[in-house]
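# Working through the structure, step by step
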Amino acid sequence: MTPRKKLEGLVAATVTPMTPDGRINLSVIHQYVDYLVSEQNVKNIFVNGTTGEGLSLSIQERKQLAEEWMCQGKDKLDHVIIHVGALSLLESQELARHAAAIGASGIAVIAPSFFKPTNKDELLGFLQKVASEAPTVPFYYYHIPAMTGVKIRVEELLDGIREQIPTFQGVKFSDTDLLDLAQCINKKEREQFVFLYGVDEQLLSALAIGANGAVGSTYNYLGRKTNLMLQAFAKPDLALARKYQFLTGEFLSFVIKLGFGVAQTKAVMTSVSGIPMGPPRLPLVGASEEFIAKAKAKLESIVWPDGD
Ligand SMILES: CC(=O)N[C@@H]([C@@H](O)[C@H](O)[C@H](O)CO)[C@@H](O)CC(=O)C(=O)O
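This structure is a prediction, so every number in the text was calculated from the model and none was measured. (Residues numbered from 1 in each chain as written. Predicted model: local features only at pLDDT ≥ 70, side-chain atom pairs only at ≥ 80, totals over all residues. Heavy atoms only, no water.)

A word on the packing of aromatic side chains. Under the defined criterion, the tally for this structure stands at eight aromatic pairs. With centroids separated by 5.4 Å and ring planes inclined at 90°, the aromatic side chains of Phe 46 and Tyr 142 adopt a geometry described as edge-to-face. Taken together, the residues span a long stretch of sequence, with Phe 46 in strand β2 (residues 44-47) and Tyr 142 in strand β5 (residues 139-143) at a distance of 96 residues. A centroid spacing of 6.2 Å and a plane angle of 80° characterise the contact between Tyr 221 and Phe 251, whose relative ring orientation is edge-to-face. Of the two residues, Tyr 221 is situated in the loop between β8 (213-216) and α10 (223-234) and Phe 251 in helix α11 (residues 238-258); the sequence distance between them amounts to 30 residues. Comparing Tyr 221 with Phe 251 shows no difference in burial state: the two are buried. When the ring centre of Phe 46 is taken as origin, the NZ or CZ atom of Lys 172, which lies over that ring, is 5.4 Å away. (Phe/Tyr/Trp six-rings, centres within 6.5 Å; stacked < 30°, edge-to-face > 60°. Helix = DSSP H or I, 4+ residues; strand = E, 2+ residues; numbered from the N terminus. Buried < 20%, exposed > 50% of the residue type's maximum accessible area, 1.4 Å probe, protein only. Lys NZ or Arg CZ within 6 Å of the ring centre and 35° of its normal.)

Written out as structure tokens, the structure reads:
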């Protein structure tokens with residue numbers, strides 16, 4: 001792993017491979033890393049997040065997964081960010097210490113979502129107690145209000161955050177409120193922070209506002225195409241960048257109408273990569289055969305600008 005290179009570009013929110021009987025399947029992670037690097041040109045990962053069913057895993061499983069990703073990613077990946085958020089502060093702290101001990105390049109924390117923080121100070125209090133357990137590890141706040149129900153504006157949260165969390169590095173921003181994202185970026189003292197966007201179907205808009213990169217589920221299997229979008233945006237060739245975004249959007253809009261979530265992401269990833277990702281864990285249930293066939297046909301029907 002290349003340590004401490006500033007995080008930018010694409011980060012794959014990894015799925016957690018499972019065996020048919022629902023246990024975590026560490027044996028395919030080696031193959032998964034190679035696939036991301038060589039087939040998708042993606043060298044950053046976000047482990048045990050939403051896509052990774054992090055909150056449905058036991059603490060022991062989360063540690064085992066983090067260790068395996070770190071071990072298999074050594075010398076191949078640039079950044080391994082471990083999501084250590086949990087409902088219990090103590091569990092979150094334990095995971096943060098563990099991530100630090102195994103040399104993770106960053107940790108991220110989601111807002112607790114059963115008993116929820118009701119204002120900025122309560123949220124910051126929780127985040128600070130976790131971050132301080134890993135005092136040398138870059139810390140990211142993981143904002144995903146549609147899942148957590150915690151709608152505290154990030155713009156507000158960031159005011160003076162480094163005073164409380166010296167390791168604060170940035171935000172994984174998984175929300176469609178681009179005004180909030182823009183206001184986060186539009187502050188001089190925040191130039192040092194990294195903003196990673198998490199709604200894959202509208203990444204181009206976030207890039208235009210100044211996002212540094214993206215964390216998402218589709219970069220597992222559309223990483224190479226999205227990297228071409230990033231290149232077109234940087235050139236700048238906006239017309240080409242739009243083509244890529246529209247085609248990703250066409251696929252996502254198709255599968256969202258069929259019902260799309262983590263279970264379906266696992267199925268698509270299995271089908272595209274050939275690596276058996278297995279079923280999701282209850283309460284999620286596996287994608288139907290009909291979904292898998294339709295999603296595969298849709299993906300194969302897309303004609304990308306690079307001719308692939
Ligand atoms: C709600 C959700 O799962 N959002 C995904 C997106 O990548 C999402 O799958 C994509 O935009 C398709 O809607 C990511 O933001 C989640 C993520 O990065 C994670 O797994 O931590």
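Okay, back to it.
Here we come to the UniProt feature "binding site: pyruvate" (unreviewed entry) in the protein. If you check UniProt for "binding site: pyruvate" (unreviewed entry), the listed places come out as Thr 51 and Val 215 in our numbering. In three dimensions, the annotated residues from a span of 165 residues occupy one location, with a maximal C-alpha spread of 10.5 Å. The annotated residues named above include Thr 51 and Val 215 as those lining the largest pocket. Positionally, Thr 51 belongs in the loop between β2 and α2 (59-73). (UniProt positions renumbered as here; feature names shortened; annotations may be inferred. 1 Å grid on protein atoms, 1.4 Å probe; cavity = no way out; pocket = protein on both sides within 12 Å on 5 of 7 lines; lining within 4 Å.)

Here we take up the pattern of salt bridges. When charged atoms on two side chains of opposite charge get close, those side chains can pair. Tallying each qualifying case throughout the model produces 15 salt bridges. The partner of Arg 281 in a salt bridge is Glu 61, with the nearest N and O atoms 2.7 Å apart. A residue pair is termed long-range when its members are at least 10 positions apart, and Arg 281 in the loop between α12 (262-273) and α13 (289-301) and Glu 61 in helix α2 qualify at 220 residues. Comparing Arg 281 with Glu 61 shows no difference in burial state: the two are buried. With its nearest N and O atoms 3.9 Å apart, the salt bridge here joins Glu 155 to Lys 187. (Salt bridge = Lys/Arg side-chain N within 4 Å of Asp/Glu carboxyl O.)

Before going further, it helps to spend a moment on unusual backbone geometry. The step from Lys 235 to Pro 236 runs through a cis peptide bond, and the omega angle for that step is 0°. If you trace the backbone, Pro 236 turns up in the loop between α10 and α11. A cis amide bond, omega 15°, links Leu 282 with the succeeding residue Pro 283. Secondary-structure assignment places Pro 283 in the loop between α12 and α13. Of note, Asn 48 is a non-glycine position whose phi angle comes to about 65°, a positive value. Secondary-structure assignment places Asn 48 in the loop between β2 and α2. With relative accessibility at 2%, the residue Asn 48 sits in the buried group. Positive phi, normally seen in glycine, also occurs at Glu 53, with a value near 55°. Summarising the element assignment, Glu 53 is placed in the loop between β2 and α2. With relative accessibility at 3%, the residue Glu 53 sits in the buried group.

With respect to the secondary-structure elements, Ser 205 resides in helix α9 (residues 203-209). According to the relative accessible area criterion, Ser 205 is partly exposed, its value standing at 35%. Each C-alpha atom of the pair Ser 205 and Trp 304 lies 20 Å from the other, and the pair is 99 residues apart in sequence.

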